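Spelled out from the first residue to the last, the chains are:
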Amino acid sequence: MEKIVIVGGGAGGLILANSLDPKKFDITVIDKSPITIFQPAYLYIAFKGAHANITKPIRSILKKGRKFIEEEVIKIDLEERKVYTKNNSYSYDKLVIATGTITDTSKMKGLKEINDQFGDYHTNIENAQKVWKSLNNFKGGSLIIGMSSPICKCPPSPLEGAFLAEEFINKKGLKNKSKITFFTPYPRAYPSEPINEVIEPLLKSRNINIMTFFDLDYIDTEKKTIYSIEGDEISYDLPIIIPPCVGVNIEYNPSNVLDEDRFIKADKYTMQINGFDDAYAIGDATNIATAKSGVTAHLEAKVLANRLNGIDDKFNGRTNCPFDVGYGKGTFVIGSYTQPVVKYPPTRIKHMMKKVMQLIYWQSLKGTFDFAFDIFFKMTDPEKLNKKYK
Ligand SMILES: Cc1cc2nc3c(=O)[nH]c(=O)nc-3n(C[C@H](O)[C@H](O)[C@H](O)COP(=O)(O)OP(=O)(O)OC[C@H]3O[C@@H](n4cnc5c(N)ncnc54)[C@H](O)[C@@H]3O)c2cc1C
């Protein structure tokens, strides 16, 4: 029986493990943690003070016939076909890497200090709770939401933070005592132009100041000022900054399968790691030029399950990222390798759909709602929607 080792029991790794037939494959998932986290909820912990339980034991999500090993992988030798943890090594016939990303505050001076003090909504539950505390302590002044790097999980999430922060400040009656600024290294508020045409007017209508071409250089915590490489500066009272997102710390042989941010170089259609026909990478861990999102991890896992079953399936770069614009409304960022992002207007129903995802998330990792996803992805096909929303 073919031995498949999946490193990482998050969205991508679990969907793949549950999509493969244990009668055909010997399937093992290795994760350093016993639990998996519903990360989109960081947003609601940070900006709405949500208390929902957003973790589940990995074992409880894995269907029967799949093995789970709780150990941290420290080295992967693709030449020798071996995965090393501190005390053990595991061989494989096929390897899938689904290790996601980590945030790295060491890249810019001052970033660690302000993240430790005020929190962020991309690193972990504790940091998201810190944002909620910081917002509640805010009495007015300059509130900054910013992207310290162009690469981050869930491309809409930085702006979702800005929208939800504005809603919070407004409802607290602090709007006329505050200035909210969103900064981004991109040339526009949302990098992709069609959806930016929907989002930018909304930001302006809510008096959220936008600073584009702002590549974070360093933060002077004494002067409470953030400086960009381009020579701009913003002073802050409450800075909530998304740290750079990088690949996890695993040593690889050969090391050139990683790019400079430690993302794994993989084929954008087959997810095969460059130079190896028995190793793949899916989800946030790859350098594939599409959104780092749970939906991407899900779709890549499904394509890879087909490929491992001998079906010549290809990932089409499809994205479908929910976008909360505050006040109970939302939209989606929908596109693919061949279709530009749809200019999709926000509605209450689209926001409800994002909320429903939270309710069905754990079951969706088991494949329970595959039929509903198939219908949803067909209904929201970007080619069809692009004809409707020009
Ligand atoms: C604020 C926010 C909002 C988001 N909103 C959405 C959304 O609305 N829709 C959406 O689709 N996506 C959203 N996402 C993104 C989504 O959560 C991720 O893209 C998704 O979880 C990626 O899945 P993955 O399997 O690639 O990685 P992960 O789910 O992060 O899993 C990686 C796993 O690898 C394990 N691991 C890491 N290193 C090692 C090691 N050395 N040894 C063993 N195990 C290891 C980790 O413990 C983890 O379990 C959001 C993310 C954030 C932060």
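Predicted, not measured: the structure shown is a model, and the values here were computed from it.

**Regarding the overall build of the protein**
Of the regular secondary structure elements, the protein holds 11 helices and 22 strands. Computed over its C-alpha atoms, the radius of gyration of the protein comes to 21 Å, within 12% of the 21 Å expected for a compact globule of 390 residues. Each of the three principal axes of the protein carries a C-alpha extent, and together these read 65 × 45 × 35 Å. The proportion of buried residues among the 390 residues of the protein is 45%. When contacts within the protein are restricted to residue pairs at least 6 apart in sequence, long-range pairs at least 24 apart make up 62% of them.

**Quick word on helix 7 (residues 193-205)**
With 13 residues, helix 7 ought to run about 18 Å at 1.5 Å a step, and its terminal C-alpha atoms sit 18 Å apart, in line with that. Taking the largest bend as the criterion, helix 7 deviates by roughly 25 degrees, centred on Ile 199, and proline Pro 201 comes between one and four positions later. By the burial criterion, the buried members of helix 7 are Ile 195, Val 198, Ile 199 and Leu 203. Elements in contact with the buried residues of helix 7: helix 6 (157-171), strand 12 (178-183), strand 13 (208-211) and strand 22 (329-335).

**A word on the domain arrangement of the protein**
Domains assigned within the protein are domain 1 (1-100 + 248-314), domain 2 (112-245) and domain 3 (316-390). Of note, the centres of domain 1 and domain 2, computed from C-alpha atoms alone, are 31 Å apart. With 13 residues of domain 1 at the interface, the matching set in domain 2 holds 18 residues. Looking at the side of domain 1 that touches domain 2 residue by residue, the classes come out as 7 nonpolar, 2 polar and 4 charged.

**Section: the packing of helix 1 (residues 11-19) against helix 8 (residues 294-308)**
It is at 8 Å that the axes of helix 1 and helix 8 come closest, and there the two elements cross at 30 degrees. Here helix 1 lies roughly parallel to helix 8, going by the angle between them. Note on packing geometry: the crossing formed by helix 1 with helix 8 is right-handed. Here helix 1 contributes Ala 11, Gly 12, Ile 15, Leu 16 and Ser 19 to the contact with helix 8, which in turn contributes Gly 294, Ala 297, His 298, Glu 300, Ala 301, Lys 302, Leu 304 and Ala 305. Grouping the constituent residues of the contact of helix 1 with helix 8 by class yields 7 nonpolar, 4 polar and 2 charged.

**Re helix 4 (residues 111-118)**
All buried positions along helix 4 are accounted for by Leu 111, Ile 114, Asn 115 and Phe 118. Down the axis of helix 4, the sector holding all buried residues measures 100 degrees, keeping them to one side. Turned more than 90 degrees away from the buried face of helix 4 sit Glu 113, Asp 116 and Gln 117, all of them exposed. Lining the buried residues of helix 4 we find helix 5 (125-137), strand 14 (216-220) and strand 17 (238-242). Immediately downstream of helix 4, the backbone of Gly 119 shows phi near 90 degrees, a positive value.

**Topic: the sheet that holds strand 2 (residues 25-31)**
The strand order across the open sheet formed by 5 strands is 5-2-1-9-20, and the pairing between neighbours is parallel. The open sheet has two edge strands with one neighbour each: strand 5 (67-70) and strand 20 (279-281). Here the average twist between neighbouring strands, direction ignored, is 20 degrees. Bridge count for strand 2 against strand 5 is 4 bridges, and the pairing is parallel. Paired with Ile 30 across the bridge in strand 5 is Ile 69.

**As for the site of the ligand**
Near the ligand you find 38 residues, and of these Gly 8, Gly 10, Gly 100, Gly 283 and Gly 294 are the closest. Residues that form the shell around the ligand fall into these classes: 17 nonpolar, 15 polar and 6 charged. Both domains that meet at the shell around the ligand, namely domain 1 (1-100 + 248-314) and domain 2 (112-245), each give it at least three residues.

**A closer look at the nonpolar core**
Of all hydrophobic cores here, the largest spans 108 residues; its most connected members are Leu 16, Val 96, Ala 165, Ile 282 and Leu 304. Element by element, the count of residues in this core is highest for helix 8, at 8 residues. Once residues within four sequence positions are removed from consideration, Ile 282 is found in contact with Gly 12, Leu 16, Val 96, Ala 98, Met 271, Ala 297, Glu 300, Ala 301 and Leu 304.

**Brief notes about the sheet that holds strand 8 (residues 89-91)**
Note on sheets: strands pair through backbone hydrogen bonds, and any given pair is parallel or antiparallel. Read across the sheet, 4 strands follow the order 8-7-6-19 without closing on themselves; strand pairing throughout is mixed. Across the chains shown, the open sheet's two edge strands, defined by having one partner strand only, are strand 8 and strand 19 (251-253). When the angles between neighbouring strand axes are averaged without regard to direction, this sheet yields 15 degrees. Sheet topology places strand 6 (residues 73-77) next to strand 7 (residues 82-85); 4 bridges connect them, and they run antiparallel. The residue of strand 7 that forms the bridge with Asp 77 is Lys 82.

**Describing the environment of Thr 270**
On the secondary structure map, Thr 270 appears in the loop between strand 19 and strand 20. Accessibility expressed as a C-beta count within 10 Å gives 17 for Thr 270, which makes it partly exposed. Leave out the neighbours within four places in its chain, and Thr 270 touches Arg 307 and Lys 314.

Cut-offs and rules
- Residues numbered from 1 in each chain as written.
- Predicted model: local features only at pLDDT ≥ 70, side-chain atom pairs only at ≥ 80, totals over all residues.
- Helix = DSSP H or I, 4+ residues; strand = E, 2+ residues; numbered from the N terminus.
- Rg over C-alpha atoms; globule rule 2.2 N^0.38 Å.
- Buried ≥ 20, exposed ≤ 12 C-beta atoms within 10 Å, placed from the backbone.
- Contact = placed C-beta atoms within 7 Å.
- Expected span 1.5 Å × (residues − 1).
- Bend = angle between axes of the 7 residues up to and from the residue.
- Domains from an automatic or database assignment.
- Nonpolar A, V, L, I, M, F, W, Y, C, P; charged D, E, K, R; others polar.
- Axes fitted to C-alpha atoms, helices over the stretch in contact; angles between N-to-C directions.
- Parallel < 35°, antiparallel > 145°, perpendicular 65-115°, else oblique.
- Left-handed = near helix turned anticlockwise from the far one by under 90°.
- Arc of directions from axis to C-beta.
- Pairing = 2+ DSSP bridges.
- Near = placed C-beta within 6 Å.
- Core = buried A, V, L, I, M, F, W, Y, C linked by C-beta atoms within 7 Å.

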